[in-house]
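A closer look at the structure
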Amino acid sequence: MRTARPLLPWVVWGVAALAYAVAIINRSSLSALGPAAQEHFGIDATALSMFAMIQLVVYAGLQVPVGVLLDRFGSTNMILGGGVLMVIGQTVMALAPDVSLAILARVLVGAGDACTFISVMRILPEWFAVRQLPTVSQLTGLIGQAGQLVSVAPLALLVSVAGWASGFLGIAAAGLLVALLGSLVLRNRPGDSTLAERIIGRQSRTSRDARSLATPPVTGVVEMAPPATEMIPVMKEPRVRGLGFWSRARRLLRIPGVRLAYWVHFTSPFAANVFILLWGTPFLVGGVGLSPPAASGLLSLTVVSSMLAGLLLGPISSRFVERRVWINVGITVALATVWIAVLLWPGAPPMWLLVLLLVVMPFGGPASMIAFEVARSHTPRSFAGFGTGLVNTAGFTASLLVILLIGLVLDLQGAGSPEDYSLGAFKVAFAVQVPFWLLGLTMIVIEARRTKGWMQEHGRRLR
Ligand SMILES: N[C@@H](Cc1c[nH]cn1)C(=O)NCC(=O)O
């Protein structure tokens, strides 16, 4: 008799989410170590900010290629491959004698990181029911945010106590451990083998009996044991043959729902990314005039707020599937409105307005997860990795452009270095976000209308 294992989907998800948290730890491992990195490699602030930029460019640039590989090799291989790249990257970072090798290390970490998130998103629909997916996706994002907490204070402490090499070798060791765990637990879908099982050439009973939570439970029915699986020819999902990269991209982009997902991901998360990744502390300290501890206290609000948003938005977007895009739009309009109030406030914004900004702005990250739900509803299954990668490029491209433009506008005003920072210059610089919100919101309205028409024409209903 076959036994359903209702826990297995949660175990697979737990390990996949842990792999994503490790990717975030790797991604943000330099964020609290700026001064230590400058001292270790003897570099200035511009060279230090290059580390963050290179890693982001590699991450964003690899999303589509990784998506294509994901459709071909599956989530397990991509998550484990990404994990191994990050382990190598952090080992190189630990032992690098000079800055050029450290840059190579950041490229490897960015590449490994790029493989992780979309592969985790791709594995979820194989194990969970459609109704559960928004909540499980948001919980995944939330666990990733928790990874960010680990990489800030504890890593800085480890490096200050044990030294640079031990700190980074420690991250590499943690990554290796999670990769080993992943090779024992991760399966692309129910019935698939783990990497460890593929290596030894034997499938365990747990893998054979695995069920997705989307499969209705079998009650009161005794099932016959399945015939030996080695005797059954493996049925593969038909692949779309003869389609090269550009034809696939064209086919995908012809679907208005995929374009809608792209713009949803483009519009909501960049404000928080820009603030947390680079410009938040300079604005609060050099522009508003807060002390560094007050600024870091305010910045830590963003993590709490983002986690709270993840908890709220999962069930809400699952309950209101037809309205999920408008939930995202509402959040973007709210955070853009608070930002515009800060920019238009005469002089320094009051503390209550800054707190409001740092509570509302991080909702954009979890709100952008709605884009992956929209993409899943509209992307053909054999393009799922490609579609997820393409959509994930959007928010990161917007974030990169806004980071660069803010720096450029500060420079143009002669306020490009800490001694020249001023509130007025920052207000002008942060105003570059406004055209990005306007573009994104306009495209969402246009593509939402086209998607509605397309669905009526094709007789489709949202899932
Ligand atoms: N929008 C983020 C995820 C997120 C969830 N909660 C806050 N942020 C996203 O798209 N992430 C991709 C990644 O690789 O982290």
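Residues numbered from 1 in each chain as written. Predicted model: local features only at pLDDT ≥ 70, side-chain atom pairs only at ≥ 80, totals over all residues.

In the nomenclature of an unreviewed UniProt entry, the chain is known as Lysosomal dipeptide transporter MFSD1 of Leucobacter triazinivorans. Word for word, the UniProt comment on the chain under Function (unreviewed entry) is "Lysosomal dipeptide uniporter that selectively exports lysine, arginine or histidine-containing dipeptides with a net positive charge from the lysosome lumen into the cytosol. Could play a role in a specific type of protein O-glycosylation indirectly regulating macrophages migration and tissue invasion. Also essential for liver homeostasis." The UniProt entry for the chain carries the following text under Sequence similarities (unreviewed entry): "Belongs to the major facilitator superfamily." (UniProt positions renumbered as here; feature names shortened; annotations may be inferred.)

Points about the overall build of the chain
Along the backbone of the chain there are 19 helices and 0 strands. A compact globule built from 463 residues should have a C-alpha radius of gyration of about 23 Å, and the chain, at 23 Å, falls within 12% of that. C-alpha extents for the chain along the principal axes are approximately 75 × 55 × 45 Å. Residues counted as buried form 45% of the 463 residues belonging to the chain. (Helix = DSSP H or I, 4+ residues; strand = E, 2+ residues; numbered from the N terminus. Rg over C-alpha atoms; globule rule 2.2 N^0.38 Å. Buried ≥ 20, exposed ≤ 12 C-beta atoms within 10 Å, placed from the backbone.)

Some details on the nonpolar core
Membership of the largest hydrophobic core comes to 127 residues, with the highest contact counts inside it found for Ala16 and Tyr20. Both domains that meet at this core, namely domain 1 (7-192) and domain 2 (245-454), each give it at least three residues. Look past the residues within four positions of Tyr20 in its chain and what remains in contact with it is Thr116, Phe117, Val120, Thr140, Ile143 and Gly144. (Core = buried A, V, L, I, M, F, W, Y, C linked by C-beta atoms within 7 Å. Domains from an automatic or database assignment. Contact = placed C-beta atoms within 7 Å.)

Some remarks on the packing of helix 16 (residues 370-378) against helix 17 (residues 384-412)
It is the contact of helix 16 with helix 17, at a shortest axis distance of 10 Å, that shows an interaxial angle of 150°. Between helix 16 and helix 17 the crossing geometry is right-handed. Contact residues: Ala371, Phe372 and Ala375 in helix 16; Gly387, Thr388 and Val391 in helix 17. Across the contact of helix 16 with helix 17, the residue classes tally to 4 nonpolar, 2 polar and no charged. (Axes fitted to C-alpha atoms, helices over the stretch in contact; angles between N-to-C directions. Left-handed = near helix turned anticlockwise from the far one by under 90°. Nonpolar A, V, L, I, M, F, W, Y, C, P; charged D, E, K, R; others polar.)

Side note on the site of the ligand
Around the ligand sit 13 residues, and of these Phe117, Gly141, Gly365, Pro366 and Ser368 come closest. Elements with a minimum of two residues in the shell around the ligand: helix 5 (133-162), helix 12 (292-319), helix 15 (364-368) and helix 17. Of the residues contributing to the shell around the ligand, the split by class is 4 nonpolar, 9 polar and no charged. Both domains that meet at the shell around the ligand, namely domain 1 (7-192) and domain 2 (245-454), each give it at least three residues. (Near = placed C-beta within 6 Å.)

Quick look at the packing of helix 3 (residues 45-95) against helix 6 (residues 164-185)
Packing of helix 3 against helix 6 brings their axes to within 8 Å, and their N-to-C directions diverge by 165°. As summarised for this structure, helix 3 and helix 6 are arranged roughly antiparallel, according to the angle between their axes. Regarding helix 3 and helix 6, the two cross each other, and that crossing is left-handed. Where helix 3 abuts helix 6, its residues Ile79, Leu80, Gly83, Val84, Met86, Val87, Gln90, Thr91, Met93, Ala94 and Leu95 lie against Ala165, Phe168, Leu169, Ile171, Ala172, Gly175, Leu176, Val178, Ala179, Gly182 and Ser183. The residue inventory of the contact of helix 3 with helix 6, partitioned by class, reads 16 nonpolar, 6 polar and no charged. (Parallel < 35°, antiparallel > 145°, perpendicular 65-115°, else oblique.)

Considering helix 4 (residues 99-127)
Note that an α-helix has 3.6 residues per turn; residues three or four places apart therefore point the same way. With 29 residues, helix 4 ought to run about 42 Å at 1.5 Å a step, and its terminal C-alpha atoms sit 43 Å apart, in line with that. Extensive coverage of helix 4 is indicated by the burial of 21 of its 29 residues. (Expected span 1.5 Å × (residues − 1).)

Structural notes on the domain arrangement of the chain
According to the domain assignment, the chain contains domain 1 (7-192) and domain 2 (245-454). Taking the mean C-alpha position of each, domain 1 and domain 2 sit 22 Å from one another. Between domain 1 and domain 2, the contact holds 30 residues from the first and 32 residues from the second. Of all elements in the fold, only helix 3, helix 4 and helix 5 reach the threshold of two or more residues within the side of domain 1 that touches domain 2. Per element, the largest residue contribution to the side of domain 1 that touches domain 2 is 13 residues, and it comes from helix 3. When grouped by side-chain class, the residues that make up the side of domain 1 that touches domain 2 number 18 nonpolar, 9 polar and 3 charged.

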